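Fold and contact review
Here are the chains, one letter per residue:
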Amino acid sequence: MCAHISQFELIEKLEIFKIKGKDKRGHKLLRIIGKFFPGRSVSVEIVKKYLEEKIYPKLKEKPFSVVYVHTGVQRSENFPGISALRSIYEGIPIEVKENLEAVYFVHPGLQARLFLATFGRFLFSGGLYGKLKYVNRLDLLWEHVRRNEIEIPEFVNDHDEDLEYRPMMDYGLESDHPRVYGAPAVDSPVSMYSMRCIS
């Protein structure tokens, strides 16, 4: 029981899930920071319990949108696994699913795009896949979300700035790996054809 309490408190402390602000259509925003999710140290049942107690009750009444920030997510640290995602999704109450208007997926990497393009329709029923909107740059997010009403961590802004100067990172053609980050983008075969995909 003590482990469950500490996991619950960890989710709360990290502010992985935060309801604050509105999009430009006046819908509440649920911000999710993927990098903050301790995928290997928190059980799926605790995440579901946290969402049931702290998040879902605030989303049952009116339409809302999700801003999911994928910046800095590493599969080995932040990804709970496909079956866990499916279990969390299936645990969302029907009235909450019906109120979901859009999911803004900020900084999707090549691997995440390929995964969702391949399995998204099978994993997420009820039209969620059709509500997914990829947002490569924060400037594109501000077209849908009121900038001053959502808190974006500094590392997300930094990554966005890096993408402005190195756009090939969006497509997996240039690595964001720190060892090749300072290397010339055109002259270095390592940076152009890195085998490392962005999670």
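One can find the structure itself at the top, above this paragraph.
Fair warning: this is a prediction, and the values are worked out from it, not measured in the lab. (Residues numbered from 1 in each chain as written. Predicted model: local features only at pLDDT ≥ 70, side-chain atom pairs only at ≥ 80, totals over all residues. Heavy atoms only, no water.)

What follows covers the environment of Glu15. Relative to the elements of secondary structure, Glu15 occurs in the loop between helix 1 (2-14) and strand 1 (17-22). Separated by 16 residues in sequence, Glu15 and Arg31 have C-alpha atoms that sit 9.1 Å apart. Dropping the residues within four chain positions of it, Glu15 is found in contact with Arg31 and Phe36. (Helix = DSSP H or I, 4+ residues; strand = E, 2+ residues; numbered from the N terminus. Contact = heavy atoms within 4.5 Å.)

Attention now goes to the packing of aromatic side chains. The tally for this structure, following the rule as stated, stands at 5 aromatic pairs. Taken together, Phe8, Phe17 and Tyr50 form an aromatic cluster joined through their ring pairs. It is Lys35 that lies over the ring of Phe155; its NZ or CZ is 4.3 Å from the centre. Positioned over the ring face of Tyr89 is Lys97, at 4.3 Å from the centre of the ring. (Phe/Tyr/Trp six-rings, centres within 6.5 Å; stacked < 30°, edge-to-face > 60°. Lys NZ or Arg CZ within 6 Å of the ring centre and 35° of its normal.)

In terms of residue burial, strand 4 (residues 100-106) counts as a mostly covered element, since 6 of its 7 residues are buried. The pairing of strand 3 (residues 64-69) with strand 4 spans 6 bridges and is parallel. Across the sheet, the residue bridging to Tyr68 is Phe105, located in strand 4. Where strand 4 meets strand 5 (residues 132-135), 4 bridges bridge the pair, whose relative direction is parallel. In the sheet register, Tyr104 faces strand 5, and the bridge partner there is Lys133. (Buried < 20%, exposed > 50% of the residue type's maximum accessible area, 1.4 Å probe, protein only. Pairing = 2+ DSSP bridges.)

Another point: the packing of helix 2 (residues 44-55) against helix 4 (residues 82-90). One can describe the packing of helix 2 onto helix 4 by two numbers: an axis separation of 10 Å at closest approach and a directional angle of 25 degrees. The orientation of helix 2 relative to helix 4 falls into the category roughly parallel. Along this stretch, helix 2 crosses helix 4, giving a crossing that reads as right-handed. Here Val44, Val47, Lys48 and Leu51 of helix 2 lie close against helix 4, whose contacting residues are Ala84, Ser87 and Ile88. Among the residues making up the contact of helix 2 with helix 4, the classes are represented as 5 nonpolar, 1 polar and 1 charged. (Axes fitted to C-alpha atoms, helices over the stretch in contact; angles between N-to-C directions. Parallel < 35°, antiparallel > 145°, perpendicular 65-115°, else oblique. Left-handed = near helix turned anticlockwise from the far one by under 90°. Nonpolar A, V, L, I, M, F, W, Y, C, P; charged D, E, K, R; others polar.)

Once that is clear, we can look at the side chain of Lys18. Residue placement: Lys18 occurs in strand 1. The exposure class assigned to Lys18 is buried, which follows from its relative accessible area of 19%. At 3.2 Å, the side chain of Lys18 and the side chain of Glu151 are in polar contact. In this structure, Lys18 is in contact with Leu29, Leu30, Arg31 and Glu151, ignoring residues within four places of it in sequence. (Polar contact = N/O pair within 3.5 Å; in protein donor to acceptor, adjacent residues only side chain to side chain.)

Tallied over the entire structure, the rule returns 9 salt bridges. As a salt-bridge pair, Arg86 and Glu90 come within 2.8 Å of each other at their nearest N and O atoms. Placement of both Arg86 and Glu90 in helix 4 is noted, with a separation of 4 residues, approximately one turn of the helix. Among the residues examined, Arg86 registers a relative accessible area of 25% and is labelled partly exposed. Given the relative accessible area of 49%, Glu90 is considered partly exposed. (Salt bridge = Lys/Arg side-chain N within 4 Å of Asp/Glu carboxyl O.)

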